[in-house]
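One letter stands for each residue in the lines below.
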Amino acid sequence: MQINTVSAQEWEAARQQLLVKEKALTRARDALAAERRRMPWLPVEKEYRFEGPNGQASLLDLFEGRHQLILYRAFFEPGVFGWPDHACRGCSMVADQVAHPAHLNARDTTLVFASRAPQADIARLKKRMGWELIPWYTITDSFDADFDVGEWHGTNVFFRDGNKIYRTYFINNRGDEQMGGTWNYLDITPLGRQEVWEDSPEGYPQTPTYKWWNWHDSYVEGAAPDKRWVEVSDAGEAAFRKQSASGKS
């Protein structure tokens, strides 16, 4: 391995040069997410049934009363390498990276996994792998074939308007590499992160940046942002803006 060593000044210069490209990539990613929020929606006309830990469930039930649903099709079932002790290695890596779902829930979004394994096997696997926080359902009909995940993993996004369901986005292959973090999940939903800086269609829900953030065990639906956290985040944002204006980051 060849190592290129430089002085502290040269290292900082190289970092700043690369940072220009990284910021351009961030802005491009934000613009792409804004375009994604303007994608047309596809009505889901067919009813689908799943098996959950509490019995049968419809696609509507998987939303858990929220407006947005992110559904990852995992491969854990007979015929998959690793069965019955493990799920697919790639799908398992995706599950290992899932952030605490309370943050998604706070943005009116539910994340679930689905495969064709029976619930007893799913419960055993979740306990072994530490995936207890991921709601995991059993596919019982043509859902996987109808939504492009019959033979390969993928992430579908749905929106619920009353009892009407719409498919709003789909990503698979290397696109799934980005999944797991709260921000990347929210960026593929029709409502996005729901913060005021985002370029979203008129009428979409948006709240002040940072203010809705909380400890994952402290979210209370409908509660006003904590006053102390507002002060802290305001101070942090002001410092960030000042640093950016000075050209130091």
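First, a word on what this report is: a plain description of the structure on this page. The structure presented is a predicted model; accordingly, all values stated were derived computationally and were not measured. (Residues numbered from 1 in each chain as written. Predicted model: local features only at pLDDT ≥ 70, side-chain atom pairs only at ≥ 80, totals over all residues. Heavy atoms only, no water.)

Locating Thr109 in the fold gives a position in strand β5 (residues 109–115). Within the structure, the side chain of Thr109 is placed 2.7 Å from the side chain of Gln68, a separation counted as a polar contact. Separated by 3.0 Å, the side chain of Thr109 and the backbone oxygen of Arg107 make a polar contact. Not counting chain neighbours up to four residues away, the residues in contact with Thr109 comprise Arg66, Gln68, Ile70, Leu104, Leu186 and Thr189. (Helix = DSSP H or I, 4+ residues; strand = E, 2+ residues; numbered from the N terminus. Polar contact = N/O pair within 3.5 Å; in protein donor to acceptor, adjacent residues only side chain to side chain. Contact = heavy atoms within 4.5 Å.)

Mapped onto the fold, Arg193 is located in the loop between α7 (182–187) and α8 (227–245). With relative accessibility at 15%, the residue Arg193 sits in the buried group. If we skip the residues at most four places from it in the chain, Arg193 touches Arg107, Trp183, Leu186, Asp187, Glu198 and Trp212. (Buried < 20%, exposed > 50% of the residue type's maximum accessible area, 1.4 Å probe, protein only.)

So, on to the environment of His100. Turning to its location among the elements, His100 is positioned in the loop between α3 (89–96) and α4 (102–105). It is 8.7 Å that separates the C-alpha atoms of His100 and Gly181, two residues lying 81 residues apart in sequence. For His100, the residues in contact, after removing those within four places along its chain, are Leu133 and His216.

Spatially, β1-β8-β7-β4-β5-β6-β2-β3 is the arrangement adopted by the eight strands of the open sheet, whose pairing is mixed. Unpaired on one side and paired on the other, β1 (42–43) and β3 (55–58) mark the two borders of the sheet. Relative to strand β6 (residues 136–139), β5 runs parallel, the two being bridged by three bridges. Of the residues in β6, the one forming a bridge with Phe113 is Trp136. (Pairing = 2+ DSSP bridges.)

Taken as a whole, this structure holds 15 salt bridges when the rule is applied. Linking Asp187 and Arg193 is a salt bridge whose minimum nitrogen-to-oxygen distance equals 2.9 Å. Exposure class is identical for Asp187 and Arg193. Each is buried. Taken together, the salt bridges that share partners define one network made up of Arg73, Glu77, Arg116 and Asp144. (Salt bridge = Lys/Arg side-chain N within 4 Å of Asp/Glu carboxyl O.)

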